[in-house]
Amino acid sequence: MPTAPPLSAAPDALPPLWFVAPEGFFALPIAATPEERTERARTFVRELYSRGDANIWEPASPYYEAIAETMGEAGLSYAAMGLFSAVDDAGGGTPLMEEPVRHEPSDGVVQCAFTVGIVQTDHAGDDTDVVAQGILTTLSGDPYNDAIWLDLPCGPAVSCISVREFRLNPEMSATGEQVKLLTGQIQVHVPFPTGPYTAVFTLHTASMEHWASVYRLMSALLQTVSFTDPLEALPGEPA
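Let us look at the structure shown here.

Reading guide: rules and limits
Numbers given for residues are sequential positions, taken from 1 along each chain in its written order. Totals for whole chains, interfaces and linings use all residues, but because this is a predicted model, local features are given only for residues with pLDDT of at least 70 and pairs of side-chain atoms are given and counted only at 80 or more. Only hydrogens and water are set aside; all other atoms, that is, all heavy atoms of the structure, feed into the side-chain values. Strand pairing requires that DSSP identify at least two bridges connecting the strands. Put simply, DSSP H or I for four residues or longer makes a helix, DSSP E for two residues or longer makes a strand, and each gets a number counted from the N terminus. Here a salt bridge means any side-chain nitrogen of Lys or Arg lying within 4 Å of a carboxyl oxygen belonging to Asp or Glu. Partly exposed describes any residue whose relative accessible area lies between the buried limit of under 20% and the exposed limit of over 50%, with all areas from a 1.4 Å probe on protein chains only and scaled to the type maximum. We call a set of buried Ala, Val, Leu, Ile, Met, Phe, Trp, Tyr and Cys residues a nonpolar core when their side-chain atoms join them within 4.5 Å. Working rule for contacts: check all heavy atoms of both residues, and any pair within 4.5 Å makes them a contact. Two aromatic rings, drawn from Phe, Tyr or Trp (for Trp, its six-membered ring), form a pair once their centres lie within 6.5 Å of each other, and the interplanar angle then sorts them: stacked below 30 degrees, edge-to-face above 60, tilted otherwise.

Focus: the pairing of strand E6 (residues 179-191)
Part 1 of the argument: Both strand E5 (residues 155-168) and E6 contribute to a ladder of 11 bridges, which runs antiparallel. Bridge pairing in E6 links Ile-161 to Ile-186.
Part 2 of the argument: Where E6 lies against strand E7 (residues 197-205), eight bridges are found, and the strand directions are antiparallel. Paired with Pro-191 across the bridge in E7 is Thr-198.
Part 3 of the argument: Once E6 ends, the chain turns through five residues before running back antiparallel as E7, passing Gly-195 with a positive phi of about 60°.

In structure tokens:
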């Protein structure tokens with residue numbers, strides 16, 4: 001599983017953040033300059049549509065480049081699409097974090113959207129517990145939220161799970177009839193130990209029949225969050 005690059009949409013303003021992106025996550029081409037977005041978009045579509053060719057890649061690249069630009073302007077530092085075979089989770093017990101096996105899309109696909117944003121919370125580095133308690137109190141005020149305290153390896157955090165039901169208009173459904181769409185979201189707030197920012201990790205899915213595996217995926221990802229470069233060699237060890 002690749003280690004995501006340090007997240008810092010504005011390197012002069014935001015402190016860096018690291019985590020390990022699971023296999024099956026395709027990072028959208030969020031970048032600081034148009035040139036970087038264009039190059040990353042080309043790579044993104046070739047990875048996402050690995051069985052395609054130039055007829056698919058060329059028109060898709062500008063589309064995802066525009067999406068990434070919008071997400072960057074909205075303040076997101078990282079965004080990815082998660083695509084996994086439903087066959088890997090058929091027994092209800094195989095973690096999606098394991099090495100993937102190629103399956104045909106017709107076998108079923110588990111989909112999710114993952115984003116990371118960094119917001120200013122005006123706290124000192126040693127006030128992470130205070131910030132997390134404030135976030136927990138605020139989120140717990142909504143009866144539709146399931147908010148809990150987390151103790152991650154990188155420090156305190158608050159997880160908030162919400163489930164929402166949407167009604168899709170007939171023209172948007174395959175049957176031509178109005179249908180209900182159930183979606184789940186896991187959002188985790190992690191205060192920076194250096195202050196004065198909080199990272200917000202959000203995983204959203206409509207594949208609710210695979211909710212347990214999606215939840216385990218997010219839980220495993222959070223264990224890898226770090227505010228120091230995990231690839232830096234420890235003193236006395238070879239680089």
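Let's talk about the pattern of salt bridges
A side chain with one charge can pair with a side chain of the opposite charge if their charged atoms come near.
Part 1 of the argument: With the rule as written, the count across this model stands at one salt bridge.
Part 2 of the argument: Across the pair Glu-39 and Arg-42 runs a salt bridge, and its minimum N-O distance is 3.8 Å. Here Glu-39 pairs with Arg-42, and both are found in helix H1 (residues 34-48), just three residues apart, close to one helical turn.
Part 3 of the argument: Under the relative-accessibility criterion, Glu-39 is labelled partly exposed at 45%.
Part 4 of the argument: On the basis of relative accessibility, which here comes to 43%, the residue Arg-42 falls in the partly exposed class.

Digging into the nonpolar core
Part 1 of the argument: By size, the foremost hydrophobic cluster in this structure holds 34 residues, and its most contacted members are Phe-19, Phe-25, Phe-114, Val-188 and Phe-201.
Part 2 of the argument: Counting only elements with at least two residues in this core, the list comes to strand E2 (76-85), strand E3 (109-120), strand E4 (146-152), E5, E6, E7 and helix H4 (211-222).
Part 3 of the argument: It is H4 that contributes the most residues to this core, six residues altogether.
Part 4 of the argument: Excluding anything up to four places from it in sequence, Phe-25 contacts Ala-80, Met-81, Gly-82, Phe-84, Cys-112, Phe-114, Leu-203, Leu-217 and Leu-221.

Quick word on the packing of aromatic side chains
Part 1 of the argument: The final tally for this structure, using the stated rule, is nine aromatic pairs.
Part 2 of the argument: Measuring from centroid to centroid gives 6.0 Å for Phe-19 and Phe-201, while their planes differ by 85°, and the two rings are edge-to-face. Within this pair, whereas Phe-19 is found in the segment before strand E1 (25-27), its partner Phe-201 is found in strand E7, the two being separated by 182 residues in sequence.
Part 3 of the argument: These aromatic residues form a ring-pair network of at least three members: Phe-19, Phe-25, Tyr-78, Phe-84, Phe-114 and Phe-201.

With respect to the environment of Cys-160
Part 1 of the argument: Inspection of the secondary structure assignment puts Cys-160 in strand E5.
Part 2 of the argument: On the accessibility criterion, Cys-160 (5% relative accessible area) is buried.
Part 3 of the argument: With near-sequence residues (within four places) excluded, Cys-160 lies in contact with Leu-139, Asn-145, Asp-146, Ala-147, Gln-185, Ile-186 and Gln-187.

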